[in-house]
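# Coordinates in review
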Amino acid sequence: MSTSVRSGLAARGICKSFAHQVLNDIGIDIAPGELVALTGPSGAGKTTFCRILAGLERPDVGSVTLGGCDLASVPPQQRHVALMFESYALYPHLTVRGNALSPLQAPNGRLDPAGAAARVDEVLELLEIRHLGERLPGALSGGQKQRVALARTLVQTPDLYILDEPISHLDAKLRHKLRGEIRRRLARQEAPTLWSTPDGMEALSVGDRVVVIDGGRIEQVGTPEDIWLRPASTRVARLLGDPPMNLIDGQLVRENGTLFFTRRELRLALPPALVRAAEQAGSETVSLGVRPDDIAFAAPDTTGAVGAEIYSNEPFGKHAIVTLDLGALLAKAKTSMAIAASLGSGAGDGIGRPVGLMFPKDGLALFDGTTGRALPGT
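Residues numbered from 1 in each chain as written. Predicted model: local features only at pLDDT ≥ 70, side-chain atom pairs only at ≥ 80, totals over all residues. Heavy atoms only, no water.

Here Ser233 is to be found in the loop between helix H7 (224-229) and helix H8 (234-239). Classification of Ser233 by relative accessible area gives buried; the value is 2%. Setting aside residues up to four positions removed in sequence, Ser233 forms contacts with Glu219, Phe367, Gly372, Arg373 and Ala374. (Helix = DSSP H or I, 4+ residues; strand = E, 2+ residues; numbered from the N terminus. Buried < 20%, exposed > 50% of the residue type's maximum accessible area, 1.4 Å probe, protein only. Contact = heavy atoms within 4.5 Å.)

The next subject is the pairing of strand S7 (residues 160-164). Side-chain direction in a regular strand flips from residue to residue, so the side chains alternate between the two faces of the sheet. Of all the five residues making up S7, five are buried; the element is thus mostly covered by neighbouring parts of the structure. What you see with S7 is no split at all: Leu160, Ile162 and Asp164 on one side and Tyr161 and Leu163 on the other are buried throughout. Across four bridges, the pairing between S7 and strand S8 (residues 193-197) is parallel. Looking at S8, one finds that Ile162 is bridged to Leu194. Crossover handedness for the path S7 to helix H5 (residues 172-187) to S8: right-handed. (Pairing = 2+ DSSP bridges. Right-handed = clockwise from strand over helix to strand, strands pointing away.)

In this structure, Pro243 follows Asp242 across a cis peptide bond, with omega equal to 0°. Among the secondary structure elements, Pro243 is positioned in the loop between H8 and strand S11 (246-255). Its identity is not glycine, yet Asp25 carries a phi of approximately 55°, on the positive side. Judged by its relative accessible area of 52%, Asp25 falls in the exposed class. One non-glycine residue, Ala328, adopts positive backbone phi at about 60°. What makes Ala328 exposed here is its relative accessible area of 57%.

A few words on the layout of surface pockets. Volume-wise, the second largest pocket comes out at about 250 Å³. As for the second largest pocket, its lining consists of 16 residues, and the residues nearest its centre are Leu274, Gly363, Leu364, Ala365 and Thr378. Among the elements that take part in the lining of the second largest pocket, helix H9 (residues 272-281) stands out by supplying three residues, more than any other. (1 Å grid on protein atoms, 1.4 Å probe; cavity = no way out; pocket = protein on both sides within 12 Å on 5 of 7 lines; lining within 4 Å. Points joined across faces, edges and corners; volume = space filled by probe spheres on them.)

It is worth spelling out H5 at this point. Here H5 spans 23 Å end to end across 16 residues, near enough to the 22 Å set by a 1.5 Å rise per residue. If you check which residues of H5 are buried, you get Leu174, Leu178, Ile182, Arg185 and Leu186. Of the surrounding elements, those touching the buried residues of H5 are strand S3 (35-39), helix H3 (113-126), helix H4 (142-154), S7 and S8. For H5, the side-chain oxygen to backbone nitrogen distance between the N-cap and Lys173 is 3.2 Å, and the N-cap itself is Asp171. (Expected span 1.5 Å × (residues − 1). Polar contact = N/O pair within 3.5 Å; in protein donor to acceptor, adjacent residues only side chain to side chain.)

Written as structure tokens, this is what we have:
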């Protein structure tokens, strides 16, 4: 089967159970040439969904169409889908070059020998493994094997690309380089692409749109900006960010016409946008979300500052992560090395030192304390 991909991929109502339910009513559309990043924690159902699209698993309920063609009765080898397996699945008896070349020698993927060799050389060069061309998989590291599996996928011109954790085992420098190179290459293709990764920040960096899945259910679909600025639930908020958004459980209390978020000694007057959202939702038990890089430091006695103690102070080169004890609750702030160093001035790394925290007027989020869903309007 080789279809026109003008109508892209459409998965509708996908459900799948093994010993327990793995996918529950999953629906995803990917337009031709679009790269959609699928992200979620380990066990969320990402790989099962990839295997269903490729035809290696059958859904209990639901449909998959590609280029307007229903794939229900189409076997895997006829779907014209290029799947990169999370487990690599390399042919142990073939060299690096042989593995990369193998899909181009299949009946539905043949090129003339010169054209196939040129394409393989181009992709091996892109992935910085051309010099390993004559090695067998047994002589490769895990990161090298992953790049061979990726090369075997990228040499193809399918109707759908599926990349299941394509760069997760590479070192940070190579991962950052290839992320952009792979995205640039796929952007020139007509085929839709699904890029699956447990790394939420990777998903935000590669996807035209991002699908967040957890517990077999879709939590949110949107552009990277939507997902980052307006997480739809505490599950999404916990997945994204380095470190992720701080979530503080507490109560809403109105005093003298002002709505406060309170938790033990923590007391914070809410900005107008959150006040309106809270009043419309009618929730009293909520979770307050604040991003680590939105927290500023001040003297402990500063008006409006939240009191805390430094729990740990970790330098990371360009920035530092300061963990703060707010009383039976730890929160993280991401700040400059200079500010982090000043917190520990004269006292090592400052552990145990009292500080004041200034939360932003904009950028805070409120989530329903029972459902975990973002309050409408936030």
